[in-house]
Amino acid sequence: CKGRTYMPDTKAAACKWNHSPRIGIVTNPAADNGRGKKIGPAIIRKVSHRAYELGCTVIDLTGHSREESALKISDSLQDLDILIVAGGDGMVNLGMNAVAHTRVALGIIACGSGNDFARSTGLPVHRIDTSIEAVFASIMMCSFARVDLIHVTSADDAIPDGYEGDVRKRVDTYIAGSLNCSIDAAINLRANASGIPVGKLRYGYAGIAEISHPQAYGFSVSFTDLSENRQHLDLETPLFVISNAPYMGSGIKISPYSSVTDSTLDMVWAKWMPTPVEGMRVLFRAYSGAHLSERIIGWQQIRSAELRYSGSSAYPPVLMGDGEVVGELPVKAECAPSAARMLLPPRIARSFQQ
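These remarks concern the structure in this document. (Residues numbered from 1 in each chain as written. Predicted model: local features only at pLDDT ≥ 70, side-chain atom pairs only at ≥ 80, totals over all residues. Heavy atoms only, no water.)

**Description of the environment of serine 259**
- Secondary-structure assignment places serine 259 in the loop between strand E10 (240–243) and strand E11 (265–270).
- Relative accessible area serves as the criterion here: at 23%, serine 259 is assigned to the partly exposed category.
- Between the alpha carbons of serine 259 and serine 120 there is a distance of 8.3 Å; along the sequence they are 139 residues apart.
- With sequence-adjacent residues up to four places away left out, serine 259 is seen in contact with Asp148, Asn244 and Thr264.
- Reaching out from serine 259, the side chain makes a polar contact with the backbone nitrogen of threonine 261 at a distance of 3.2 Å. (Helix = DSSP H or I, 4+ residues; strand = E, 2+ residues; numbered from the N terminus. Buried < 20%, exposed > 50% of the residue type's maximum accessible area, 1.4 Å probe, protein only. Contact = heavy atoms within 4.5 Å. Polar contact = N/O pair within 3.5 Å; in protein donor to acceptor, adjacent residues only side chain to side chain.)

Quick look at the structure:
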């Protein structure tokens, strides 16, 4: 395992920082279907109080929108040692894109709808006080791990240079969990628009609604396997996902063999259009990761992949990643090994070294 974690004892930890750690925090008022607006200020107060006890300085970088928060983070990042994000996978996505390939470590307080990346890394979910203590224990113990990300960019010929007739924007983003390309993206979009207050129910309802009328999407996939061999797949499938972490959709274990520290990605897809019974069976077995034993499901570990529309069947929906809109095909998805430094309690960080 390539996770690099430094876990000194408490006295050594006090010597690790040559200055008082500078912490930025961002909350999401829209997290957990709007509940973040109520709990965000409370989280900031608790983090500030805990930081004061330990001699750390805290700056609130929360904006009125995701874009404003991203701008505030960008303007302050060079003065930070740690960035804490409070919310769901969308906030993890915001934080990872900010700290990727920098010295700044990301801490996560998982209190959103999905929380799949926190779940994938063993962090507490919807336990705010525990999450805050885990963050500050990691700071005190100087306990970090380097985690992989998915780097998604537009294919070289996606939008010709100088061409202004296409309103699409070039894609260049990092994803912590999964790149959703098919029915999984449609489920995510439907869940985001739902008013159901509980994350699991929201994604469960969206999943059943989409599976009740699935369609095959046409993909042309060129990928590099673990032996660096280039391979190709032409698929007409309702399901195609590229994962860096096991969970998506508020607890669906879509890619049970994924690890955020193994320098690989996982492709999971349906080999044919399922019957309604097959579709429901795969969905319910996916909550435990048992769906990979179904004959209909394909799985492949990869280093990178290039995705295009094959020209047959339906055009894939807008791509999603960590609950956020990514863009449209064609795109390249590559594993970015050890791209981000993440605060993790010593027990969890140690497990990444085993």
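Here the narrative resumes.
**Looking at helix H4 (residues 66–76)**
- Among the residues of H4, Ser69, Ile73 and Ser76 are the ones counted as buried. Taken down its axis, H4 places every buried residue within 75° of arc, on the same side. Exposed residues on H4 whose side chains face more than 90 degrees from its buried face are Glu67, Leu71, Ser74 and Asp75.
- Tucked into the core, H4 has its buried residues touching strand E1 (22–27), strand E3 (82–87) and helix H5 (89–99). (Arc of directions from axis to C-beta.)

**Observations concerning the pattern of salt bridges**
- Using the criterion set out here, one finds 12 salt bridges in the structure.
- Put simply, glutamate 133 and arginine 50 hold a salt bridge, and the shortest N to O gap is 2.9 Å. Placement of the pair is glutamate 133 in helix H7 (residues 128–140) and arginine 50 in helix H3 (residues 36–54), with a sequence separation of 83 residues.
- With its nearest N and O atoms 2.7 Å apart, the salt bridge here joins glutamate 306 to arginine 308.
- Owing to a relative accessible area of 27%, arginine 308 belongs among the partly exposed residues under this scheme. (Salt bridge = Lys/Arg side-chain N within 4 Å of Asp/Glu carboxyl O.)

**Focus: the environment of arginine 230**
- In this structure, arginine 230 sits in strand E9 (residues 230–237).
- Of the residues examined, arginine 230 reaches a relative accessible area of 49% and is grouped as partly exposed.
- Each C-alpha atom, one on arginine 230 and one on isoleucine 302, is 9.9 Å from the other, the two residues being 72 residues apart in sequence.
- Setting aside its immediate chain neighbours within four residues, arginine 230 contacts Ser222, Phe223, Thr224, Ser304 and Glu306.
- Polar contacts involving the side chain of arginine 230 include one to the main-chain carbonyl oxygen of serine 222, which spans 3.5 Å.
- Of note is the side chain of arginine 230, whose polar atom sits 2.7 Å from the side chain of threonine 224.

**Description of H5**
- Most of H5 is tucked away, with 10 of its 11 residues classed as buried.
- Backbone geometry just downstream of H5 places histidine 101 in the positive-phi region, at approximately 60°.

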